[in-house]
Amino acid sequence: MRRSLELTGLVAAGGGLALLWSDGPGWGVLGALAGALVWLAVDNWRARRVLAWLREPSAARLPAVGSVWGEVVDRSRRAFKVLNRKARKSNARLQELLAAMQASPNGVVLLGKEGTIEWCNLMAGEHLGFDAKRDLGQRIRNLVRDPAFIAYLNQRDFSQPVEIDGRNARPGHPQHIAIQIFPYAKGRRLLLTRDVTTIELAEAMRRDFVANVSHEIRSPLTVIAGFIETLQTLPLQEAERAHFLELMRQQAQRMQTLVDDLLTLSRLEGSPIPDDSQWVAAADLLTEAGTQAQALADVLHAGQQTLVLQTGPALEVAGARGELLSAIGNLLTNAVRYTPAQGRVEAGWRLLADDEVEFYVTDTGPGIAPEHLPRLTERFYRVDRSRSRDSGGTGLGLAIVKHVAQRHGGQLLIESTLGVGSTFRLRLPPARVLVRERA
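Quick caveat, the model's predicted, so the values are computed rather than measured. (Residues numbered from 1 in each chain as written. Predicted model: local features only at pLDDT ≥ 70, side-chain atom pairs only at ≥ 80, totals over all residues. Heavy atoms only, no water.)

Before going further, it helps to spend a moment on the sheet that holds strand β6 (residues 279-281). Strand order in the open sheet formed by three strands is β6-β8-β13, and the pairing between neighbours is antiparallel. Where the open sheet ends on each side, the last strands, each with one partner, are β6 and β13 (433-435). Averaged over all pairs of adjacent strands, the angle between strand axes in this sheet comes to 30 degrees, irrespective of strand direction. Sheet topology note: the strand β8 (residues 315-318)/β13 ladder contains three bridges and is antiparallel. For Glu316, the partnering residue across the bridge sits in β13 and is Leu434. (Pairing = 2+ DSSP bridges. Helix = DSSP H or I, 4+ residues; strand = E, 2+ residues; numbered from the N terminus. Axes fitted to C-alpha atoms, helices over the stretch in contact; angles between N-to-C directions.)

Given below as structure tokens:
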């Protein structure tokens, strides 16, 4: 209000002078000059107000300056609104980008020209062992002191990644972190980290699997090739020829069993999870698997081994009948193979308190040492390789059982005592159990 009064007084005074000077002779020019000076003073005053608003347009009120300066203020105000809207959108996109980088399973580090950390996500700190907030501005070489990483930085050849041990690596539980650097923007560098432990373990398992399969197939092939050469080059009696042919048949059967188990595993890993559209009676599963196990026991132990099938409550289970039969059959045939003559194998099913169903197989075999139990379901893992081959096992039976259990939402439990025997339990969840009769 005070500035408005001052401006009004200034204009009034200038106008009065202009009128006064215009009355006398020769004073017209002076009056015009005085008016121009007043107008310049007013315009200068308006310009100062506009400049003050331009310095802090968000903090000051719009100046009421009128004339051309009013148009300048209005156009500037509209331009500021557009720029502010664009700035807010750019900031929102930047925050979204940073949030996406923060959520990445890989580590991301932005390095300055001197190798200082300008920004990083939490995963990078987890991989490399530094604090994603506290260590901003620190040199990366001072925080990650692994010799392989330091050499990687110094050589400045970033075409290939380098691997170092992660912060959580310890004996028996390795952690491998792959690091690669990508230069950008005049000396700055983007550093990416990735946990490759699982990939390397999977690759090691694949190599071991291929090696084991090759070894398992090579052994019977070598035996068969040797017998064929013998039959072709040596004159043999009919009894000897029949004996060699029988041995060849056994080795061929061993390869056939191995191939069948490998195909079963491949089918389990590549097929959809069984749904609950098919139901099969527990009694039917155990009866069929028991028949196959009894036939094997008669061949291996000449009828001297005792196989007992216990009857449980009348119930049905949902899932793939062939898979469930394969799992129970593998548990029974394993028990028959590894339990000596005069031993006892018992199998059955029971309903647990939480409505889970449990198929169990108990034997009086030699038992398994505790250190072997965690690895029994690994492919081709054998406690005693020679005994397994003599009994005709492939080393894949328990791996198949574990896969079937997991695909049906269940689990495989193993208990064993050396010199006493073993118990294997295949449990299925209540959602896959339909009870017809309570025990």
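Alright, that's what it looks like, and here's the rest.
A few words now on helix α7 (residues 197-233). The end-to-end C-alpha distance of α7 is 53 Å, a good match for the 54 Å that 37 residues give at a rise of 1.5 Å each. Here α7 has its buried residues at Thr197, Val213, Glu216, Pro220, Ile224, Phe227 and Leu231. (Expected span 1.5 Å × (residues − 1). Buried < 20%, exposed > 50% of the residue type's maximum accessible area, 1.4 Å probe, protein only.)

Where charged atoms of side chains with opposite charge meet at close range, the side chains can pair. All chains considered together, the criterion is met by 13 salt bridges. As a salt-bridge pair, Glu246 and Arg249 come within 2.8 Å of each other at their nearest N and O atoms. Within this pair, Glu246 and its partner Arg249 are both found in helix α8 (residues 238-270), separated by three residues, close to a single helical turn. With a shortest N-O distance of 2.7 Å, Arg427 and Glu358 are connected by a salt bridge. With Arg427 in strand β12 (residues 421-428) and Glu358 in strand β10 (residues 357-363), this residue pair connects regions lying 69 residues apart in the sequence. Shared partners join several salt bridges into a network, and the residues in it are Arg350, Glu358, Glu415, Arg425 and Arg427. (Salt bridge = Lys/Arg side-chain N within 4 Å of Asp/Glu carboxyl O.)

What follows deals with the packing of aromatic side chains. Inspection of every chain in the model, using the stated rule, returns two aromatic pairs. Geometrically, the ring pair formed by Phe227 and Phe244 is stacked, given 5.1 Å between the ring centres and 20 degrees between the ring planes. With Phe227 in helix α7 and Phe244 in helix α8, the pair connects residues that are 17 residues apart, well separated along the chain. By relative accessible area, Phe227 is classed as buried at 16%. (Phe/Tyr/Trp six-rings, centres within 6.5 Å; stacked < 30°, edge-to-face > 60°.)

One can find Arg407 in helix α12 (residues 397-407). When near neighbours in sequence (up to four residues on either side) are disregarded, Arg407 contacts Leu268, Ser271, Pro272, Ile273, Pro274, Glu323 and Arg432. (Contact = heavy atoms within 4.5 Å.)

Moving on: the packing of helix α10 (residues 321-338) against α12. Packing of α10 against α12 brings their axes to within 9 Å, and their N-to-C directions diverge by 145 degrees. Note that α10 runs across α12; the crossing there is left-handed. Mapping the contact onto sequence places Glu323, Leu324, Ser326, Ala327, Asn330, Leu331 and Asn334 in α10 and Gly397, Leu398, Ile400, Val401, Val404 and Arg407 in α12. When the residues that make up the contact of α10 with α12 are grouped by side-chain class, the tally is seven nonpolar, four polar and two charged. (Left-handed = near helix turned anticlockwise from the far one by under 90°. Nonpolar A, V, L, I, M, F, W, Y, C, P; charged D, E, K, R; others polar.)

Moving on, we come to the nonpolar core. The biggest cluster of nonpolar side chains holds 46 residues, and the ones touching the most others in it are Leu285, Val317, Ile328, Leu331, Leu332, Val357 and Phe359. Those elements giving two or more residues to this core turn out to be α8, α9 (282-301), β8, α10, β9 (344-351), β10, α12 and β12. Examining the composition of this core, we find that eight residues originate from one element, α10, more than from any other. Excluding residues that lie within four positions of it along the chain, Val357 makes contacts with Leu315, Val317, Trp349, Arg350, Leu426, Arg427, Leu428 and Val433. Counting residues in each nonpolar core, the second largest holds 20 residues, with Ile117, Val144, Phe158 and Ile177 among its members. (Core = buried A, V, L, I, M, F, W, Y, C linked by side-chain atoms within 4.5 Å.)

Paired through backbone hydrogen bonds, the strands of a sheet run either parallel or antiparallel to each other. Here we have five strands laid out as an open sheet, ordered β7-β9-β10-β12-β11, and mixed in their pairing. Looking at which strands have only one partner, the edges of the open sheet turn out to be β7 (306-309) and β11 (411-417). Between one strand axis and the next, the sheet turns by 10 degrees as a mean value, whatever way the strands run. Pairing of β9 with β10 involves seven bridges; the strand directions are antiparallel. Looking across to β10, one finds that Val345 is bridged to Asp363.

Take the confidence of the model for the protein chain next. Looking at the protein chain as a whole, its pLDDT mean stands at 82, while 85% of the residues score no less than 70. Segment residues 1-22 is flagged for pLDDT under 50; beyond a separation of four residues in sequence, or across chains, it makes 18 contacts in the model. (pLDDT = per-residue confidence, 0-100.)

Glancing now at a positive patch on the surface. On the surface, Lys81, Arg85, Arg88, Lys89 and Arg93 cluster together into a positively charged patch. Residue placement: Arg93 occurs in helix α3 (residues 67-103). For Arg93, a relative accessible area of 62% corresponds to the exposed category. (Patch = residues over 30% accessible without salt bridge, like charges linked within 9 Å, V, L, I, M, F, W, Y side chains within 5 Å. Areas by Shrake-Rupley, 256 points an atom, 1.4 Å probe, with all protein chains shown as cover. Lys, Arg positive; Asp, Glu negative; His and termini not counted. Charge placed at Lys NZ, Arg CZ, Asp CG, Glu CD.)

Where α8 meets α12, the axes come as close as 10 Å, and the angle between the chain directions of the two elements is 20 degrees. In terms of orientation, α8 lies roughly parallel with respect to α12. Crossing angle aside, the handedness with which α8 passes α12 is left-handed. Of the residues in α12, those in contact with Asp261, Thr264, Leu265, Leu268 and Glu269 of α8 are Ala399, Ile400, His403, Val404 and Arg407. Here the contact of α8 with α12 is built from residues that sort into five nonpolar, two polar and three charged. (Parallel < 35°, antiparallel > 145°, perpendicular 65-115°, else oblique.)

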